[in-house]
Amino acid sequence: MRRIVVALVISTCSLMAGADDLLTFRVELNDGKVTPTRIEAPVKTKFKLILVNKGKSPAEFESLPLRKEKVLAPGVESFVVIQGVSAGEYIFFDDFHPQARGVIVVK
Ligand SMILES: [Cu+2]
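Residues numbered from 1 in each chain as written. Predicted model: local features only at pLDDT ≥ 70, side-chain atom pairs only at ≥ 80, totals over all residues. Heavy atoms only, no water.

Undergrad: Outline the environment of Arg67, supporting the account with residue identities and numerical values.
TA: By the element assignment, Arg67 lies in the loop between β5 (59-63) and β6 (68-72). According to the relative accessible area criterion, Arg67 is exposed, its value standing at 73%. Measuring from C-alpha to C-alpha, the distance between Arg67 and Ile82 comes to 9.3 Å, with 15 residues separating the pair along the chain. (Helix = DSSP H or I, 4+ residues; strand = E, 2+ residues; numbered from the N terminus. Buried < 20%, exposed > 50% of the residue type's maximum accessible area, 1.4 Å probe, protein only.)

Shown next as structure tokens:
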């Protein structure tokens, strides 16, 4: 959900040591564009999404079916870890630029 950016910019990265060997994908958000728009991940396999805001405006990575959201100030990099999920298509979008959408295809 959309939130005030200020407090949430504080990254959780320092709390998440030890996740470096995870399957990892990089998602760039850039003022209403998201790249890539399609990610394929294996079923029931934990993976990590590195989230980078390359734009000049705040962005919020959000996926309702994955129950993940992360606000990113301009220039900020952070990440979320997705625990193993079932096969399916999991939409994500930038809640500050809702036309910017992508899908994680788990199969
Ligand atoms: Cu949101």
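So, next bit.
Undergrad: Describe the sheet that holds strand β1 (residues 23-30), naming the residues involved and giving the relevant values.
TA: If you walk across this open sheet you meet the four strands as β2-β1-β4-β7, and the pairing is mixed. At either end of the open sheet lies a strand with only one pairing partner, and these are β2 (33-35) and β7 (77-82). Across this sheet, the average inter-strand angle for adjacent strands is 20°, counted without regard to direction. As paired elements, β1 and β2 share three bridges and run antiparallel to each other. Along β2, the bridge assignment pairs Leu29 with Val34. (Pairing = 2+ DSSP bridges. Axes fitted to C-alpha atoms, helices over the stretch in contact; angles between N-to-C directions.)

Undergrad: Any details on the pairing of strand β4 (residues 47-53)? Residues and values, ideally.
TA: Within β4, seven of the seven residues are buried, which leaves the element mostly enclosed by the surrounding structure. Residues of β4 alternate between two faces, with Phe47, Leu49, Leu51 and Asn53 on one and Lys48, Ile50 and Val52 on the opposite face, all of them buried. Relative to β4, β1 is paired through seven bridges, and the arrangement is parallel. Looking at the pairing, Thr24 lines up with Lys48 of β4. In the sheet, β4 pairs with β7 via six bridges, with the strands oriented antiparallel. Bridge pairing in β7 places Leu51 opposite Ser78.

Undergrad: Outline the confidence of the model for the protein, supporting the account with residue identities and numerical values.
TA: Residues with a pLDDT of 70 or more make up 81% of the protein, whose mean pLDDT is 89. Throughout residues 10-15 the model reports pLDDT below 50, and contacts reaching past four residues in sequence, or to other chains, amount to five contacts. (pLDDT = per-residue confidence, 0-100. Contact = heavy atoms within 4.5 Å.)

Undergrad: I'd like a description of the sheet that holds strand β3 (residues 38-41), backed by residues and values.
TA: Pairing within the open sheet is mixed, and its five strands lie in the order β3-β9-β8-β5-β6. Every interior strand has two partners, whereas the edge strands, β3 and β6, have only one. Across the sheet, the mean angle from the axis of one strand to that of its neighbour is 20°, orientation sign disregarded.

Undergrad: Would you mind going over the packing of aromatic side chains in detail, with residue names and values included?
TA: Per the counting criterion, the structure on display carries two aromatic pairs. Geometrically, the ring pair formed by Phe25 and Phe47 is edge-to-face, given 5.7 Å between the ring centres and 85° between the ring planes. Of this pair, Phe25 sits in strand β1 while Phe47 sits in strand β4, and the two are 22 residues apart along the sequence. In this structure Phe47 comes out as buried when scored by relative accessible area, which is 1%. (Phe/Tyr/Trp six-rings, centres within 6.5 Å; stacked < 30°, edge-to-face > 60°.)

Undergrad: Outline the environment of Thr37, listing residues and values.
TA: As for its placement among the helices and strands, Thr37 is situated in the loop between β2 and β3. Placed 64 residues apart in sequence, Thr37 and Arg101 show a C-alpha to C-alpha distance of 6.5 Å. Beyond its immediate sequence surroundings of up to four residues, Thr37 is in contact with Arg101, Gly102 and Val103.

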